[in-house]
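Each chain, letter by letter, is given below.
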Amino acid sequence: MDTFELVHQAGLPKKEASVYTALLEYGQQSLSDLHRRTQINRPALYQVLPALERRGLVSKVRCKNRHQYVAESPKRLLEQYQEQTEYQIDGLTSLAEQFEHHSAKRPVVKYFEGDKGIRFAFNDIIHTLPVGGEFYRYSSRINQKTQDFDNTLYARERDKRKIERLVITSEEKAAVKEPKLERTVRSIPKEFDLFEDNISLVLYGDKAAYIDYGSKTSFIIESAKIARFHQKLFKLLWKKLR
């Protein structure tokens, strides 16, 4: 890497780098000498040289009643570069930490279509919860016979891992569900609503999974804050239902 590129990448603008390089390579020079060697016009040199002086990289000397310019040690540029680099590293580190902090709070939404998406949503419950874990589920299925996707693996793994669940469903569905040790069911009063939207909402861990059986679409929201919010509402409703 030549001297110009080195000092330019260390933070000097191109014109300043050209002038500083010329002074390093050719020694003390007049304004006319710098103009000839750098091809920078005089008005620009009148701005560049004071800027280099302010940075302590160039000094002005008197020679035969004329001003000439001499380069100071590149050590000064090195010190400035190190200081600037440290400042940028600290700034970027702080920025990265802020980003990670805000990203951790920002919900992640995963959207799926088709039977595979529905299976993924259910299987994610198994992969997320520990053995003996618990989830809450709103189930407004129209008819279990409408389920035309294979959910056997989920059911088998759920029971094997003894996953407990609290289920809020319609009176009709609650009446036909077989009693199970790990499942407790409460129903929405028929006089309030038939609860036949054909949608399920499952709250598990720090996640909430919405499943629309009619359109065969599903999405999972990963957010501890949103999950806690839904769980509070579920528990409140659960207390009010029989």
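Criteria and thresholds
Residues numbered from 1 in each chain as written. Predicted model: local features only at pLDDT ≥ 70, side-chain atom pairs only at ≥ 80, totals over all residues. Heavy atoms only, no water. Helix = DSSP H or I, 4+ residues; strand = E, 2+ residues; numbered from the N terminus. Polar contact = N/O pair within 3.5 Å; in protein donor to acceptor, adjacent residues only side chain to side chain. Contact = heavy atoms within 4.5 Å. Patch = residues over 30% accessible without salt bridge, like charges linked within 9 Å, V, L, I, M, F, W, Y side chains within 5 Å. Areas by Shrake-Rupley, 256 points an atom, 1.4 Å probe, with all protein chains shown as cover. Salt bridge = Lys/Arg side-chain N within 4 Å of Asp/Glu carboxyl O. Lys, Arg positive; Asp, Glu negative; His and termini not counted. Charge placed at Lys NZ, Arg CZ, Asp CG, Glu CD. Pairing = 2+ DSSP bridges. Axes fitted to C-alpha atoms, helices over the stretch in contact; angles between N-to-C directions. Buried < 20%, exposed > 50% of the residue type's maximum accessible area, 1.4 Å probe, protein only.

1. Observations concerning the side chain of D124
Then, number 1: Note that D124 resides in helix α6 (residues 114-128).
Then, number 2: In terms of polar contacts, D124 uses its side chain to reach the side chain of K207, at 3.0 Å.
Then, number 3: Contacts of D124, omitting those with residues within four sequence positions, involve Y204, K207 and I220.

2. Some details on a positive patch on the surface
Then, number 1: A cluster of basic residues, K105, K225, R228 and K232, forms a positive patch at the surface.
Then, number 2: Take the positive patch: its biggest share by element is three residues, from helix α9 (residues 224-240).
Then, number 3: Summarising the element assignment, R228 is placed in helix α9.

3. Considerations on the pairing of strand β10 (residues 217-222)
Then, number 1: The pairing of strand β4 (residues 108-113) with β10 spans six bridges and is classified as antiparallel. Directly across from Y111, in β10, lies its bridge partner F219.
Then, number 2: Across six bridges, strand β9 (residues 207-212) lies against β10 in antiparallel orientation. If you follow K207 over to β10, its bridge partner there is E222.

4. Quick word on the side chain of S139
Then, number 1: Topologically, S139 is positioned in strand β5 (residues 134-139).
Then, number 2: Residue contacts for S139: discarding those within four places in its chain leaves V167, I168, T169, S170, F195, I199 and S200.

5. Overview of the sheet that holds strand β2 (residues 58-63)
Then, number 1: Overall, antiparallel pairing links the three strands, which are arranged β1-β3-β2 in an open sheet. Edge positions in the sheet fall to β1 (29-30) and β2, since each of these pairs with one other strand and no more.
Then, number 2: By the bridge criterion, six bridges tie β2 to strand β3 (residues 66-71) in an arrangement that is antiparallel. Paired with R62 across the bridge in β3 is H67.
Then, number 3: Most of the contacts of helix α2 (residues 14-26) go to β3, to which it runs at about 85°, and overall it touches β1, β2 and β3.
Then, number 4: Strands in contact with helix α4 (residues 42-54) are β2 and β3; relative to β2, the strand with the most contacts, it is inclined by about 110°.

6. Thoughts on the sheet that holds β5
What links the strands of a sheet is backbone hydrogen bonding, and the strands pair in either a parallel or an antiparallel sense.
Then, number 1: The seven strands are arranged β4-β10-β9-β8-β5-β6-β7 in an open sheet whose pairing can be described as mixed. The sheet is open, and its two edges are formed by β4 and β7 (183-188), each paired on a single side. Recorded for the sheet is a direction-independent mean angle of 15° between the axes of neighbouring strands.
Then, number 2: Of the strand pairs in this sheet, strand β8 (residues 199-204) and β9 are connected by six bridges, and their pairing is antiparallel. Across the sheet, residue I199 finds its bridge partner in β9, namely D212.
Then, number 3: Here α9 sits on the sheet and contacts β5, β6 (164-170), β7, β8, β9 and β10; the angle it forms with β5, its principal contact strand, is near 70°.

7. Quick word on the environment of R137
Then, number 1: With respect to the helices and strands, the residue R137 is situated in strand β5.
Then, number 2: Sequence-wise, R137 and R165 are 28 residues apart; in three dimensions their C-alpha atoms are separated by 7.2 Å.
Then, number 3: Ignoring any residue separated from it by four or fewer positions in sequence, one finds R137 in contact with F122, L166, V167, I168, S200, L201, V202, Y213 and F234.
Then, number 4: A polar contact of 3.4 Å, which involves the side chain of R137, links it to the side chain of S200.

8. Some thoughts on the pattern of salt bridges
Then, number 1: For the coordinates displayed, the defined rule picks out six salt bridges.
Then, number 2: Residue K110 pairs with E222 through a salt bridge whose shortest N-O separation is 2.9 Å. Of this pair, K110 sits in strand β4 while E222 sits in strand β10, and the two are 112 residues apart along the sequence.
Then, number 3: Judged by relative accessible area, which is 34%, K110 ranks as partly exposed.
Then, number 4: In this structure, K207 engages D124 in a salt bridge whose closest nitrogen and oxygen atoms are separated by 3.0 Å. In this pair, K207 sits in strand β9 while D124 sits in helix α6, placing the two residues 83 residues apart along the sequence. Of the two residues, K207 and D124, both sit in the buried class.
Then, number 5: A single salt-bridge network, built from bridges that share partners, covers R158, D159 and R165.

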